[in-house]
Each structure stands twice: as structure tokens, then as C-alpha cells.
Amino acid sequence: MLISLLPLSYILFKNKDLYINVFAPVAALLTMGFMYSSEYTGSKHHLLGNNMFCGFINGGLIRAACGICFGAVAWLIYKKIDTGVKEKKQRILLTIAEILLYLLFFYVWFHTDGRPQYTYIAKLLLPVIIAVVFSQKSYISCLFKSKLFSKCGSLSLAIYLTHWAGEKIIKEFYPDESFKYSLLLMVIFTACSCVVYYLLMFLAKLIWSKKLRELFVASYK
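Residues numbered from 1 in each chain as written. Predicted model: local features only at pLDDT ≥ 70, side-chain atom pairs only at ≥ 80, totals over all residues. Heavy atoms only, no water.

A closer look at the overall build of the protein chain
Okay, so step 1: Each helix and strand in the protein chain was counted, giving eight helices and two strands.
Okay, so step 2: Shown N-terminal to C-terminal, the secondary structure of the protein chain runs as helices and strands in the order α-α-β-β-α-α-α-α-α-α.
Okay, so step 3: Counting all 221 residues of the protein chain, 29% fall into the buried class.
Okay, so step 4: Within the protein chain, contacts between residues separated by at least 24 positions form 63% of all contacts whose residues are at least 6 apart in sequence.
Okay, so step 5: Accessible surface computed for the protein chain: about 15,500 Å², of which carbon and sulfur atoms make up 69%. (Helix = DSSP H or I, 4+ residues; strand = E, 2+ residues; numbered from the N terminus. Buried < 20%, exposed > 50% of the residue type's maximum accessible area, 1.4 Å probe, protein only. Contact = heavy atoms within 4.5 Å. Areas by Shrake-Rupley, 256 points an atom, 1.4 Å probe, with all protein chains shown as cover.)

Next comes the structure, spelled out in C-alpha cells:
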């Protein structure tokens, strides 16, 4: 991603309007279309990865460029929503639109068995969904300001740090299972990994407070 940022940031700094309004949307669509239609994708369920090369270009560079360009698209949509949605009626309509986008995304994602022509459509919805979420103009955003969700940061970090284990297990031992079954396994393995993560964190804190802190903190008594 850092390497992909080099040429993209150069274009951004040279001409911001050109990059955001023209280059980023076109490049995002072209790179995603290439990843879904290229012979280098390996299988219908996987896009270009760091272990794949298109000639001398690493697949991860293309994925990174695609994501960064779609980020610019999401930012452009966010700015339009942030400046255009002011009245209560507009916020209600935006809330309804957000709910419909969620329903459409998850329906396409979970009812098409990972077929690329449908996941392509689903991923095109993500910049719009992300823009709506970050604008905080929808009334759904009020739900996530409650104290309940303020406590979810630790769980989010645990899932982020441990989800790769479930992915590795599924690819190694269950490569031919359906998307729905693989998703269920992913949830189970990730939940187990999170439990192990919290146990290790608890033990690390316990060892630190009981044994190690006095060795490393001079003022500790």
C-alpha cells in the first residue's frame, strides 16, 4: 500500500480535482474489473494477492491501488452528503437509503456463493455505505454512540488481530466448502481465537503486575 501511494499521492498533490473527480473513480473501476476478470486471479473466490504476479507487478500493489482509489471515491461521496444533507427529511431519507444498502449488500454477498459477478456488484456498494457511515447524517449513527458500543473497541481489536488464524485453517483444511459454510467456520474459529487472545492478555497483565513490574519500574513498591 505504501508503494502504491507513491504515484497516487503524486497525482493527488499535482492536481487534486483531477485525481478525486476523474482519475480515482476510473482507476478504481478498472483495477477492480481487472482483478475480477484476469487470468491471474487463480480461482473464482479469490482476487489478486501478494503471492500473485501480473508480469513483474505484484498483485498486492494492484489491490492496494484499487482500495486507495475507492477511498477517494468514498471521500467524494461523503463530502456531498455532509454538505447536502441538512434537514430532518433528508436525514430520514438517508437513513432509509442506508438500510436498503445494507440489505442489498448482505443479500448479494451471502446468497450468491461467492460468484465474482455478484461480489463485484456488492463491493461497488461499499464506498457509498462507508461514505454514509462517516457522514453521521443518518439516524443509524446515533445507535453507535451509545455506551454499549464504546466498549467494543477491545473486541474489534481482538477480531482484527486474530481473524487471520481462521482464514489460514479454512484455506488449508476446508478449501472446497461452500461460502456459507466457510463463513460459519470463520466465525467459530475467530471466536475461539478471540478467547485465546483475551486469556493471553489476562495472563500477560497478571505476570506483569505480580512479577515483572517491580523489575522494570523503579518507583514501583
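What to know about the packing of helix 1 (residues 2-14) against helix 2 (residues 16-37)
Okay, so step 1: With their axes 4 Å apart at the nearest point, helix 1 and helix 2 run at an angle of 120 degrees to one another. Mapping the contact onto sequence places Leu8, Ile11, Leu12 and Lys14 in helix 1 and Lys16, Tyr19, Ile20 and Phe23 in helix 2.
Okay, so step 2: Of the residues contributing to the contact of helix 1 with helix 2, the split by class is six nonpolar, no polar and two charged. (Axes fitted to C-alpha atoms, helices over the stretch in contact; angles between N-to-C directions. Nonpolar A, V, L, I, M, F, W, Y, C, P; charged D, E, K, R; others polar.)

A short note on the state of the cysteines
Okay, so step 1: As enumerated under the stated definition, the model contains zero disulfides in all.
Okay, so step 2: Left unpaired, cysteine 194 is separated from the closest cysteine sulfur, that of cysteine 192, by 9.3 Å. (Disulfide = S-S within 2.5 Å.)

Side note on a nonpolar patch on the surface
Okay, so step 1: A grouping of Val196, Leu200, Phe202, Leu203, Leu206, Ile207, Trp208, Leu212 and Leu215 is seen on the molecular surface, where their side chains present a nonpolar patch of about 870 Å² in accessible area.
Okay, so step 2: Here valine 196 is to be found in helix 8 (residues 179-216).
Okay, so step 3: Classification of valine 196 as partly exposed rests on a relative accessible area of 45%. (Patch = residues over 30% accessible without salt bridge, like charges linked within 9 Å, V, L, I, M, F, W, Y side chains within 5 Å. Salt bridge = Lys/Arg side-chain N within 4 Å of Asp/Glu carboxyl O.)

Here we look at the pattern of salt bridges
Okay, so step 1: What the rule picks out here adds up to one salt bridge.
Okay, so step 2: The salt bridge partner of glutamate 167 is lysine 171, with a shortest N-O separation of 3.0 Å. Of the two residues, glutamate 167 and lysine 171 both sit in helix 7 (residues 153-173), four residues apart, roughly one turn of that helix.

Some words on helix 2
Quick reminder: α-helices carry 3.6 residues per turn. Residues three or four places apart thus point the same way.
Okay, so step 1: Compared with an ideal rise of 1.5 Å per residue, which puts 22 residues at 32 Å, helix 2 spans 30 Å between its outermost C-alpha atoms and is within 8% of the ideal.
Okay, so step 2: The largest bend in helix 2 is about 45 degrees, located at phenylalanine 23, with the proline proline 25 one to four residues further on. (Expected span 1.5 Å × (residues − 1). Bend = angle between axes of the 7 residues up to and from the residue.)

Some details on the side chain of glutamate 98
Okay, so step 1: Counting through the fold element by element, glutamate 98 comes out in helix 4 (residues 88-110).
Okay, so step 2: At 9.0 Å, arginine 91 is the nearest oppositely charged side chain to glutamate 98, a buried residue that forms no salt bridge.
Okay, so step 3: A distance of 2.5 Å separates polar atoms of two side chains, one belonging to glutamate 98 and the other to serine 138.
Okay, so step 4: What glutamate 98 contacts, discounting residues up to four positions off in sequence, is Val132, Val133, Ser138 and Ile140. (Lys, Arg positive; Asp, Glu negative; His and termini not counted. Polar contact = N/O pair within 3.5 Å; in protein donor to acceptor, adjacent residues only side chain to side chain.)

Things to note about unusual backbone geometry
Okay, so step 1: Although it is not a glycine, glutamine 136 adopts a positive phi angle of roughly 55 degrees.
Okay, so step 2: With respect to the helices, strands and loops of the structure, glutamine 136 is situated in the loop between helix 5 (116-135) and helix 6 (147-150).

Section: the packing of helix 2 against helix 3 (residues 59-84)
Okay, so step 1: Orientation of helix 2 relative to helix 3, taken along the N-to-C sense of each, is 135 degrees, at an axis distance of 8 Å. It follows that helix 2 is oblique to helix 3 by the angle criterion. Relative to helix 3, the crossing made by helix 2 is left-handed.
Okay, so step 2: Taken together, the residues that form the contact of helix 2 with helix 3 break down as 20 nonpolar, two polar and two charged. (Parallel < 35°, antiparallel > 145°, perpendicular 65-115°, else oblique. Left-handed = near helix turned anticlockwise from the far one by under 90°.)

Topic: the environment of valine 22
Okay, so step 1: Position of valine 22 relative to the elements: it lies in helix 2.
Okay, so step 2: Residue classification places valine 22 among the partly exposed positions, given a relative accessible area of 44%.
Okay, so step 3: On a C-alpha basis, the gap between valine 22 and valine 73 in space is 9.7 Å, while along the polypeptide they are 51 residues apart.

Quick notes on the packing of aromatic side chains
Okay, so step 1: A complete count under the given rule lists four aromatic pairs for this structure.
Okay, so step 2: Between tyrosine 197 and tyrosine 198, the ring centres sit 5.3 Å apart and the planes meet at 75 degrees, which makes this aromatic pair edge-to-face.
Okay, so step 3: A residue is classified by how much of its surface remains accessible, and tyrosine 198, at 33% relative accessible area, is partly exposed.
Okay, so step 4: Across from the ring centre of tyrosine 139, 4.4 Å away, lies the NZ or CZ of arginine 91, which sits over that ring. (Phe/Tyr/Trp six-rings, centres within 6.5 Å; stacked < 30°, edge-to-face > 60°. Lys NZ or Arg CZ within 6 Å of the ring centre and 35° of its normal.)

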